[in-house]
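So you can see what is in the structure, the chains are spelled out below.
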Amino acid sequence: MSETKKPFTNSQQQMLAARVEWEIRQMIFPHLKHQTDHGYPFNSDDEMMKEHVNNRMEVLMNLDAIDRAIMKMQSEYGDAFQYISFREISHLINAFLELAEQRAQTHPRKTEPTVVAG
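Novice: Please set out the packing of aromatic side chains residue by residue, giving values where relevant.
Specialist: Under the definition given, this model contains 2 aromatic pairs. Between Y40 and F42, the aromatic rings sit 5.1 Å apart at their centres with planes inclined by 25°, giving stacked as the arrangement. Pair check on accessibility: Y40 and F42 agree, each one buried. Relative to F81, the ring of Y77 has its centre 6.5 Å away and its plane inclined at 25°; by these criteria the two rings are stacked. With Y77 and F81 both in helix α3 (residues 75-106) and 4 residues apart, this pair spans about one turn of that helix.

Here's what the structure looks like:
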């Protein structure tokens, strides 16, 4: 496995999984059910999805902003900074990807069979 594809160590991956699971079950679900207000900027599934879209766009814009800032750096320094920053971002994304793939197995989406008229 290449250096940029190396997943978090097991303990880091387990901590990430525990933190995500705790926030979903103890914070987000009760917030969405209006049992408590944890200060999230959404109060419904639709609002949460709008926040997701906004956050996704912000991530992409910030990746571009990192590149623009790097272009203002001295070449060798900028190259090294770019390597480190995107290596670290890649590690974090890979950790969430691994967790998402695990959760897709343990929490599969329920789908109704499609009835085809004919």
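Novice: Now, about the packing of helix α1 (residues 10-32) against α3: what can you tell me, with residues and values included?
Specialist: Helix-helix packing: each pair is described by the crossing angle between the helix axes and the interaxial distance. α3 packs onto α1 with a crossing angle of 60° between their chain directions and a minimal axis gap of 10 Å. As the angle between them shows, α1 and α3 are arranged oblique. The way α1 lies across α3 gives a crossing that is right-handed. Residues Q13, L16, A17, R19, V20 and E21 of α1 pack against A95, F96, E98, L99 and R103 of α3.

Novice: Account for the confidence of the model for the chain, naming residues and giving values.
Specialist: Across the chain, the average pLDDT comes to 91, with 91% of residues at or above 70. Across the chain, the element-wise mean pLDDT spans from 94 in α1 up to 97 in helix α2 (residues 45-71).

Novice: Please provide a residue-by-residue account of the environment of N43, values included.
Specialist: Note on placement: N43 falls in the loop between α1 and α2. Using a relative accessible area of 40% as the deciding quantity, one classes N43 as partly exposed. With 26 residues separating them in the primary sequence, N43 and A17 have C-alpha atoms 24 Å apart. Leave out the neighbours within four places in its chain, and N43 touches H31, L32 and H34. A distance of 3.4 Å separates the side chain of N43 from the side chain of H31, its partner in a polar contact.

Novice: Pulling in residues and values, what's your account of the nonpolar core?
Specialist: Residues M27, I28, L32, Y40 and F42 constitute the largest nonpolar core, which totals 5 residues. Once residues within four sequence positions are removed from consideration, F42 is found in contact with I28, H31, L32, E47, M48 and E51.

How each quantity is defined
- Residues numbered from 1 in each chain as written.
- Predicted model: local features only at pLDDT ≥ 70, side-chain atom pairs only at ≥ 80, totals over all residues.
- Heavy atoms only, no water.
- Phe/Tyr/Trp six-rings, centres within 6.5 Å; stacked < 30°, edge-to-face > 60°.
- Buried < 20%, exposed > 50% of the residue type's maximum accessible area, 1.4 Å probe, protein only.
- Helix = DSSP H or I, 4+ residues; strand = E, 2+ residues; numbered from the N terminus.
- Axes fitted to C-alpha atoms, helices over the stretch in contact; angles between N-to-C directions.
- Parallel < 35°, antiparallel > 145°, perpendicular 65-115°, else oblique.
- Left-handed = near helix turned anticlockwise from the far one by under 90°.
- Contact = heavy atoms within 4.5 Å.
- pLDDT = per-residue confidence, 0-100.
- Polar contact = N/O pair within 3.5 Å; in protein donor to acceptor, adjacent residues only side chain to side chain.
- Core = buried A, V, L, I, M, F, W, Y, C linked by side-chain atoms within 4.5 Å.

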